[in-house]
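# Observations on the model geometry
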Amino acid sequence: MVHSDGRVRTARDGSTGRAEKGRGGNGRPESGSPESGSPESGSPENGRPVIGGSGDGGTESPYPERSPAPECGASANREMFERTGLRQGVRRGPGTPETTVKLLGRPWPAPLVVGPLTAAPRPGAELAVVRAAGAAGLPPVVSAFAERTFGELASAAEVPPWLRTYSFQDAGTGRELARRAEEAGFHAVVLALGDRDAIRLGPVAAPVNLPATGPITDVRRLLDAHTDWAAVARLRSATALPLLLSGVHTAADAQRAVDAGADGIVVTDLAALPRIAEAVADGCPLLLSGGVRRGADVLAALASGADAVVVGKPVLEGLRAGGRAGVTETLHGLVRELTEAMAFTGTGTVADAGPDLIRIAPGPARPRPGTGPAHTSHGSPGARTPAPRRPVTEESAPGLRRSDLHASLSDPVLDTMTFLNEVTLRYPDAISFAPGRPYDGFFDTEQIFRHVRTYLDHLAEQGSSPQQIRTAMYQYGPTAGQIREIIADALRADEGIDVPAESVVVTVGAQEAMLLVLRALITGPDDVLLVASPCYVGITGAALLLDIAVTPVEERENGLSCADLEAAVLRERARGRRPRALYVVPDHSNPSGTTMDERGRAELLDLAARYGILVLEDSPYRLVSPGPPLPTLKSMDRTRTVVHLGSFSKTVFPGARVGFVVADQPVVDDDGRTHLLADELARIKSMVTVNTSSLSQAAVAGTLLTADGRVSELNAAAATYYGDAMRATLRELDAHLPAARRTALGVSWNEPTGGFFLTVRVPFRADNAALTRSAQDFGVIWTPMTYFYPDGGGLDGIRLSTSYLTPAEITEGTARLARFIEAEAERP
């Protein structure tokens, strides 16, 4: 059935619709019913039901339409998922989207079925998957060729397993397997349809659940060449367990499956899913199998008509990477991504998912018959007269669809700053701890002109002619930048970073530096960027735009743990992926405010060198923080492991938009010649921004020359101001939420010694809805920490920025914040 709005309705409450028709109390077809294959069912004289067919009036066949090999179906589904985008929607209410679903009479916490292993990659693999699925509250599917007994697997599962079985040449084998599964406490049976040759099975060591048959070299020899509807009827009569048929990919066969007594259908063709859902919309649950890799894929499948999905390959990858823990991580990740996708689309429950949520981009264009290149010579028999051009008007111009654009534009991370800006504009009287920008009260407008003049005088002192100086200011200038020597001198004087000027590339802020480095280092889909989590959204956003896989590593109280990092590296390598680089902010990080100690820095450099990982160091707050800073990673680097990212936005002035990257790593080309990584970054930059503004470079260079490269001395007053602001915020928080009270409430915060940010842990969900209540009812704005977790998390954290507030605003703002926390903690 299809609603008037075009959404397909399928049963999500456990009812079985047509599958219940003509069924006795034990779930088997009643004798004489259409399912039993009697003459009333319209079957041929041999008693075999009429099945199969194209569904469009073609010749009927005794076999279901033959499915492609599973890997082919998965590949086609994967391609379609890649072309499927989600439409952003408005949340219908507060709280987390509800992923619970009820199918086959049982509730599950998410619409996921954990598919069977096609081959056990390690001893104990079946038990690991069954236990991980059960712990997640999800049904695992066990193969008929399992190497553990059904009883052993069922005992290990917290959720009753399902049996995946086949049509055997010996009909007694199929009945015996179903009986053993039923006795062991299984919940359902899944029968695979299609050709025997298309069934994908890995090597089977000892299928202990099969009746004794002697040594088996290829278990497929035990199967029927084709599975027909008679095999469905035999299995249906052999068990009272719910029966699902896998491999259905036409609406006609789906309807026949329901008529044959199927309680559910597993579809392997995503493109056919909407038609099948419409054909069986009065109650038969539909599951999609093949190609599902992400939570967004799950939601797209639900929106296309599925009630749940079968996940196989991600589970196998998780198993190979980390055993049972790897499977658990995979399942939790899928559920988390599904929740995020539902929140993005404004979908409150899985039952609300419909085709209005998705947009599908067209596939590769295929020429239609008769549309090939035409002969244009006059008098030629094949000549065509070009159609008159139609003027493009506002009415006739085709509109772009979000699904036609890059997939990153549908990711919620790109909307985080927009939401914060909207809240700030909507509540102009609220005190905002959200913006992490520098305080501009230190700047005098006339300083810019003095700094530019200082640089021009410097050029003249270096022997540049008036024409050369004019060219330096009015032309693009070298792509790698024209103030590299001055930046290198400043790094040497202030940071202990001693590198040649040729290793420096001047960029449009540090953000461009990130884009250049990521584009150069990440060469394929198996290359991975590691990031500390929580993480600055600029790097994860850049990775998103460049289709780069990001693996988060949890940040602890004193920064990144090398043990955690090494475990992540080994997991990715086990998955066949290459950890290429690690992004880290070692000093007063954004967003958490944590600082890595000197021992941790040394351990990080050693680990990165051992595993061949480049460290992308970004420390914009160290020279605007009070006290002597710890050494930069780059100053400690003896193996050219660190690529140092820098910005003058905090130390000189934000409007300059000048950053830099230090990339002194040697690169050998195909001819054996050696260059610096900086040279390669400049080549990429030449195709992006071409150069960094000469006027901005002049202003920054003049500032550095004025301070003899000592940016830290130039910013001594600013560092004192920011330090005072941080201490004032911590002091006011302690006054309004003293130790005993915050212990009772479950509130805590860290105490950074510098930087712009600190993190507060609260006993409630600190999401956008809570932020709106805070701004509207209490007049205080902050940033949800969940924005900064690439893999989800941080729902109990808020980020406070102290850099742009006056002492009076800090005093009043923390008082408002404390009242909000008190009130929110009391909410039911």
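For clarity, every value in this text was computed on a predicted model and none was experimentally measured.

## Topic: helix 6 (residues 251-259)
For helix 6, every residue scored as buried is listed here: Ala252, Asp253, Ala254, Gln255, Ala257 and Val258. Those residues of helix 6 that are buried lie in contact with helix 5 (229-238), strand 8 (243-248), strand 9 (264-267) and helix 7 (273-279). Where helix 6 ends, the next residue or the one after it, glycine 261, has phi of about 105°, a positive value.

## As for the nonpolar core
Core analysis: the largest hydrophobic core is formed by 97 residues, its most contacted members being Trp162, Leu245, Ile265 and Leu288. Element by element, the count of residues in this core is highest for helix 9 (residues 313-345), at 10 residues. Sequence-distant contacts of isoleucine 265, that is, excluding residues within four places in its chain, are made with Leu244, Leu245, Val248, Ala254, Ala257, Val258, Val280, Cys284, Pro285, Leu286 and Leu287.

## Brief notes about the packing of aromatic side chains
This model, assessed by the stated rule, comprises 15 aromatic pairs. Ring centres 5.7 Å apart and planes at 55° place the aromatic pair tryptophan 108 and tryptophan 162 in the tilted group. Of the two residues, tryptophan 108 sits in strand 3 (residues 106-108) while tryptophan 162 sits in strand 6 (residues 162-165), which places them 54 residues apart along the sequence. For tryptophan 162, a relative accessible area of 2% gives the class buried. These aromatic residues form a ring-pair network of at least three members: Tyr439, Tyr621, Tyr721, Tyr722, Phe756, Phe757 and Tyr804. Positioned above the aromatic ring of tyrosine 804 is the side chain of arginine 437, whose terminal nitrogen or guanidinium carbon lies 4.2 Å from the ring centre.

## Topic: helix 8 (residues 295-303)
Buried residues dominate helix 8, accounting for eight of its nine residues. Every buried residue of helix 8 is accounted for by Gly295, Asp297, Val298, Leu299, Ala300, Ala301, Leu302 and Ala303.

## Considerations on the environment of alanine 135
With respect to the helices, strands and loops of the structure, alanine 135 is situated in helix 2 (residues 125-135). Spatially, the C-alpha atoms of alanine 135 and valine 159 are 8.0 Å apart, while their sequence positions differ by 24 residues. Leave out the neighbours within four places in its chain, and alanine 135 touches Glu158 and Arg324.

## Brief notes about the sheet that holds strand 11 (residues 308-311)
Taken in spatial order, the eight strands make up an open sheet running 4-11-10-9-8-7-6-5, and their pairing is parallel. A single partner strand is all that each edge strand has here, and the edge strands are strand 4 (112-114) and strand 5 (141-143). Sheet twist, expressed as the mean angle between neighbouring strand axes with direction ignored, is 25°. Each of strand 6, strand 7 (188-192) and strand 8 touches helix 5; the most contacted strand, strand 8, lies at about 160° to it.

## Description of the sheet that holds strand 27 (residues 783-784)
With antiparallel pairing, the four strands of this open sheet are ordered in space as 24-25-28-27. Both outer strands of the open sheet, strand 24 (748-749) and strand 27, are each paired with one neighbouring strand and no more. Taken together, the five bridges between strand 25 (residues 757-761) and strand 28 (residues 797-801) define a ladder with antiparallel strand orientation. In the strand pairing of strand 28, valine 760 is matched with isoleucine 798. With respect to the sheet, helix 22 (residues 716-736) is in contact with strand 24, strand 25 and strand 28, its orientation differing from that of strand 25 by roughly 20°.

The rules we used
- Numbering of residues starts from 1 in every chain and runs along the sequence as written.
- Residue-level local features of this predicted model are given only where pLDDT is at least 70; pairs of side-chain atoms are given and counted only at 80 or more, and the full residue set underlies all totals for whole chains, interfaces and linings.
- As a rule here, side-chain values cover all heavy atoms of the structure and leave hydrogens and water aside.
- Classification of residues uses two cut-offs on accessible area relative to the type maximum, computed with a 1.4 Å probe and protein chains only: under 20% is buried, over 50% is exposed, and between them is partly exposed.
- Numbered from the N terminus, helices here are DSSP runs of H or I no shorter than four residues, and strands are runs of E no shorter than two.
- Contacts are assigned to residue pairs with any non-hydrogen atoms lying within 4.5 Å of each other.
- Within this scheme, the nonpolar core is defined by two criteria: the residues are buried Ala, Val, Leu, Ile, Met, Phe, Trp, Tyr or Cys, and they are joined through side-chain atoms within 4.5 Å.
- The aromatic pairing rule takes the rings of Phe, Tyr and Trp, using the six-membered ring of Trp, and pairs them if the centres are within 6.5 Å, calling planes under 30 degrees apart stacked, those over 60 edge-to-face and the rest tilted.
- Lysine NZ or arginine CZ positioned within 6 Å of the ring centre and within 35 degrees of the ring normal marks a charge as sitting over the ring.
- When DSSP finds two or more bridges between two strands, those strands count as paired.
- Interaxial angles span 0 to 180 degrees and are taken between N-to-C directions of axes, which are lines fitted to C-alpha atoms, for helices over the stretch in contact.

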